[in-house]
Amino acid sequence: MIAGISWTGWVGFHAAVAVALAADYFLAGSRPGFRRNARSLPATVWLAPAGFLVAAAGFALWIGCVMGRQPAIEFAAGYAIEASLSIDNLFVFLVLFKGFGLGRERQQQALRWGLWGAFLLRALLIVGGLALLRRFAWVTWIF
C-alpha cells in the first residue's frame with residue numbers, strides 16, 4: 001500500500017494514463033495530413049481537455065465518497081496546480097521548438113517521446129522515492 005492506495009489502484013491509475021496517452025496518439029497525433037489549425041481540428045481534439053476535466057471531477061467526487069471531503073479537496077487543488085503548471089510547460093515547449101528550429105512533424109515526435117518518457121520516469125521516481133522514504137527516514141529532510 002502506498003499513501004493508503006493499494007498496488008492494484010496504482011497499477012490501474014497508470015494503466016488509465018497509458019490508455020489516455022494512446023488514445024491521444026491514435027486520435028490526433030498519428031494521422032498523416034492532419035492539419036493543425038483551429039478550423040480543421042476535429043471535435044475529439046477540442047473535447048479532449050473537457051473530457052479530462054470531467055474525468056478529474058468524477059474522480060474527485062469518487063474520492064470524496066470513499067475517503068472523505070479533505071482528500072477530495074486535496075486532489076482538486078493538486079489538479080488545479082498541475083493544470084496551471086502545464087500552461088508554463090507549453091511556453092517552454094514553444095521556446096525550445098523555435099530555438100532548435102523543429103518542424104511540425106519533429107515537434108509531434110518530440111512531444112510523444114517526452115510524454116511517454118515523463119510517464120515512465122514519474123512512475124519509477126515515485127516508486128524509488130517511496131522505497132527510500134521507507135528505508136531511510138532522514139531522506140524526508142532532502143525531499
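Refer to the structure printed above.
Keep in mind the model is a prediction, meaning the values are calculated, not measured.

## Here we look at helix H3 (residues 69–100)
Stage number 1. For H3, spanning 32 residues, the distance from its first C-alpha to its last is 46 Å, which sits close to the expected 46 Å at 1.5 Å a residue.
Stage number 2. Gly 101 sits one or two residues past H3 and shows a positive phi near 65°.

## Points about the packing of aromatic side chains
Stage number 1. Within this structure, the stated rule accounts for 6 aromatic pairs.
Stage number 2. Consider the rings of Phe 59 and Phe 75, whose centres lie 5.1 Å apart with planes at 70°: the pair is edge-to-face. Of this pair, Phe 59 sits in helix H2 (residues 43–67) while Phe 75 sits in helix H3, and the two are 16 residues apart along the sequence.
Stage number 3. Among the residues examined, Phe 59 registers a relative accessible area of 37% and is labelled partly exposed.
Stage number 4. Ring geometry for Phe 136 versus Trp 138: centroids 6.0 Å apart, planes at 50°, classification tilted.
Stage number 5. Each residue in the set Phe 59, Trp 62, Phe 75 and Tyr 79 is aromatic and connected to the rest through ring pairs, giving one cluster.

## Looking at the environment of Ala 57
Stage number 1. Mapped onto the elements, Ala 57 comes out in helix H2.
Stage number 2. Taking C-alpha positions, Ala 57 is 9.5 Å from Phe 75, a pair spaced 18 residues apart along the chain.

## Looking at the environment of Ala 20
Stage number 1. Mapped onto the fold, Ala 20 is located in helix H1 (residues 7–29).
Stage number 2. Given the relative accessible area of 23%, Ala 20 is considered partly exposed.
Stage number 3. Residues Ala 20 and Phe 52, 32 residues apart in the sequence, show an inter-C-alpha distance of 9.2 Å.

## Focus: the side chain of Gln 107
Stage number 1. Within the secondary structure, Gln 107 sits in helix H4 (residues 104–135).
Stage number 2. When near neighbours in sequence (up to four residues on either side) are disregarded, Gln 107 contacts Phe 97 and Leu 102.

## A word on the environment of Ile 63
Stage number 1. Relative to the helices and strands, Ile 63 is located in helix H2.
Stage number 2. The buried category is assigned to Ile 63, whose relative accessible area is 7%.
Stage number 3. Distance from Ile 63 to Glu 74, taken between C-alpha atoms, is 10.0 Å for residues 11 residues apart in sequence.
Stage number 4. With near-sequence residues (within four places) excluded, Ile 63 lies in contact with Gly 68, Pro 71, Ala 72 and Phe 75.

## Here's the deal with the packing of H3 against H4
Stage number 1. Close contact between H3 and H4 brings their axes to 12 Å; oriented N to C, the two are set at 135°. Classified by the angle between their axes, H3 and H4 sit oblique to one another. Note on packing geometry: the crossing formed by H3 with H4 is right-handed. Listed contacts from H4 to Glu 82, Phe 93 and Phe 97 of H3 are Gln 107, Ala 110, Leu 111 and Arg 122.
Stage number 2. Broken down by class, the residue content of the contact of H3 with H4 amounts to 4 nonpolar, 1 polar and 2 charged.

Definitions and limits used
- Residues numbered from 1 in each chain as written.
- Predicted model: local features only at pLDDT ≥ 70, side-chain atom pairs only at ≥ 80, totals over all residues.
- Heavy atoms only, no water.
- Helix = DSSP H or I, 4+ residues; strand = E, 2+ residues; numbered from the N terminus.
- Expected span 1.5 Å × (residues − 1).
- Phe/Tyr/Trp six-rings, centres within 6.5 Å; stacked < 30°, edge-to-face > 60°.
- Buried < 20%, exposed > 50% of the residue type's maximum accessible area, 1.4 Å probe, protein only.
- Contact = heavy atoms within 4.5 Å.
- Axes fitted to C-alpha atoms, helices over the stretch in contact; angles between N-to-C directions.
- Parallel < 35°, antiparallel > 145°, perpendicular 65-115°, else oblique.
- Left-handed = near helix turned anticlockwise from the far one by under 90°.
- Nonpolar A, V, L, I, M, F, W, Y, C, P; charged D, E, K, R; others polar.

Treat this as a map of the structure, not an account of what it does.
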